[in-house]
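Residue-level structure breakdown
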Amino acid sequence: MAKSFPLKDPVAPVRWTGSLLKVLDQRLLPHKVVYLNCSTPEDVARATKSMALRGAPLIGCAAAYAMALAARRGGFRGMEAAAPKLLRARPTAVNLAHAVSHMLAKGRQAVGIRNFADMMSQAAGRYYALDLQANRDMAVLGASLLKKRNCRVMTYCNAGALATSGLGTAVGVIRYAHHLGKVERVYCCETRPYLQGSRLTLWEFMKAGVPATLITDNAAAHLIKSGAVDAVFVGSDRIAANGDVCNKIGTYGVALAAKRDRVPFYAVAPISTIDPRCPSGSRIPIEERSSAEVLKVGSCRIAPRGARAAHFAFDVTPRDLVGAIVTERGIIKPVNRRSIKRILHAI
Ligand code: MRU
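The structure contained in this document is the topic of the report that follows. (Residues numbered from 1 in each chain as written. Predicted model: local features only at pLDDT ≥ 70, side-chain atom pairs only at ≥ 80, totals over all residues. Heavy atoms only, no water.)

**Regarding the site of the ligand**
What surrounds the ligand is a group of 19 residues, the closest being Arg54, Arg90, Gln196, Asn247 and Lys248. Taking Gln196, its side chain carries an N or O atom lying 2.8 Å from an oxygen atom of the ligand. Side-chain polar atom of Lys248 to an oxygen atom of the ligand: 2.7 Å apart, as the coordinates give it. When residues of the shell around the ligand are traced back to their parent elements, those giving at least two are helix 2 (56–87) and strand 9 (245–248). Across the shell around the ligand, the residue classes break down as seven nonpolar, eight polar and four charged. Taken together, domain 1 (14–135) and domain 2 (140–344) each give at least three residues to the shell around the ligand, which thus spans both. (Near = heavy atom within 4 Å. Polar contact = N/O pair within 3.5 Å; in protein donor to acceptor, adjacent residues only side chain to side chain. Helix = DSSP H or I, 4+ residues; strand = E, 2+ residues; numbered from the N terminus. Nonpolar A, V, L, I, M, F, W, Y, C, P; charged D, E, K, R; others polar. Domains from an automatic or database assignment.)

So, in C-alpha cells, the structure goes:
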C-alpha cells in the first residue's frame, strides 16, 4: 500500500470500478474533464491508440486493467486473446508489454482458482499502486540531484500525473523539488503536435502551484544557452539496455543543447520502462502517427491543402547525453550497460 505523500494529484487519469475502466479523455484537456467508459480490452486499446490516454506508465497501468477486463469476460483464455490487441495499440512505450506479460504471468499462476477474475482485478490494482509508489520514490531521489535552492528547470512533453498512476516521473521530481524550495520556475516546452506540454504539463503545474512558463519547442535551445536553465528533467517511453533513452520527439534536440551548454540532462523513469531485451536505442521501434496531426494545430488546418507531412512520435537520446537516470530503485549514474544491468538486478 502506498505511503502518505505531501503532494496531491490534480485529477485521476483512470478510475477502476471493478468491472469498468473510466479513462480521462486527455484529448479534451485542459478545457473539458470527460471520462470514457471502457468495458472491454478493445475499448482500452482504442483509447490508447487514439491517445485519449497516453504516457508510458499510464499506458501500462491501463493495459493491466484491460487484462483484468479480459479475465472477467473470458478467463485466462480471454487474457491470452486480448494481449496481442493491446500490444498493437502503441509500439514504443515498453511499459505496455511489461504490464501485459506481468498480468499473463499472474493469470497463469491462478488458472482454475475460483474468483479468478477478482484476483486479476486485484493484480491490476497492485500494478497501479506499485507505479504510484515508484513515482513517489523517484520524486524524492530525483530532487536530490538539485544541490541548491531556487533552480530553474525545464521539462519536455508530459511526464506527470496524467502520464502515470499519479504524481508523474519528471513532473513528480520537479513538484517535489519545488516543495523543498529547490525549484523556482519550470519551463514547459509545448511539444508539437499533440501539445502535451501546453495542454497537460502546464495545467498540472498551475494546479499544483509551481511557477511555470510555457515556451515553444524551438525556444528550448535558446533558453538553455542563455543560462536560464539549471537542469532538464524528462520522462521516457523506453530505455535500452545500453542506457539510450527514447522519449517524445524533440527530446534529443533539448539534450544536445543541454550537453553543449553543460546543463545536466536527467531522465526519470520506473524500472518497467527499461527494456533489457533491447540492446540499444537504434532497435527501439519509433511510432509514426498520422500526418494529419502535423498538418493541423488542434482541428485547424495550417499547411496548404495537398501538403505532405511526416510524424515521428519519439526520438532517442544517446546515453552519453544523459547525466543520470532516476528510477525507484536508485539513481543510475554514469549511464551505461553495466549500471543499467546492476539496477535491474538490484531488488
Ligand atoms: O505520445 P505520448 O504522449 O504517450 O508520449 C509521452 C511521452 O513521451 C512521455 O514523456 C513519456 O511517456 C514518459 S511519461 C512518464
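Here the narrative resumes.
**A closer look at the nonpolar core**
Nonpolar side chains in soluble globular proteins generally cluster together in the buried interior. Counting residues in each nonpolar core, the largest one holds 42 residues, and the members touching the most others are Met67, Met79 and Leu86. Those elements that place two or more of their residues in this core are strand 2 (21–24), helix 1 (41–49), helix 2, helix 3 (95–110) and helix 4 (116–143). Of all the elements, helix 2 adds the most residues to this core, at 19 residues. With residues near it in sequence (within four places) discarded, Met79 still touches Met67, Ala70, Ala71, Met103, Leu104, Gly107, Phe116 and Met120. Listed in part, the 32 residues of the second largest apolar core include Met154, Ile239, Ala269 and Val335. (Core = buried A, V, L, I, M, F, W, Y, C linked by side-chain atoms within 4.5 Å. Buried < 20%, exposed > 50% of the residue type's maximum accessible area, 1.4 Å probe, protein only. Contact = heavy atoms within 4.5 Å.)

**Some words on the sheet that holds strand 3 (residues 35–38)**
Taken together, the three strands give an open sheet; going across it, the order is 1-2-3, and neighbouring strands pair in antiparallel fashion. The open sheet has two edge strands, strand 1 (14–16) and strand 3, and neither has a second partner. Sheet twist, expressed as the mean angle between neighbouring strand axes with direction ignored, is 20°. Where strand 1 and strand 2 come together, three bridges link them in antiparallel fashion. Paired with Arg15 across the strands is Lys22, a residue of strand 2. Helix-sheet contacts for helix 1 involve strand 2 and strand 3, and the interaxial angle to strand 3 is about 145°. (Pairing = 2+ DSSP bridges. Axes fitted to C-alpha atoms, helices over the stretch in contact; angles between N-to-C directions.)

**Structural notes on the packing of helix 5 (residues 170–179) against helix 6 (residues 196–208)**
The contact between helix 5 and helix 6 brings their axes to 11 Å, and the two run at 25°. Looking at the two axes, helix 5 sits roughly parallel to helix 6. The handedness of the crossing between helix 5 and helix 6 comes out as right-handed. Contacts between helix 5 and helix 6 pair Val171, Ile174 and Arg175 from the former with Thr201, Glu204, Phe205 and Ala208 from the latter. Residue composition of the contact of helix 5 with helix 6, by class: four nonpolar, one polar and two charged. (Parallel < 35°, antiparallel > 145°, perpendicular 65-115°, else oblique. Left-handed = near helix turned anticlockwise from the far one by under 90°.)

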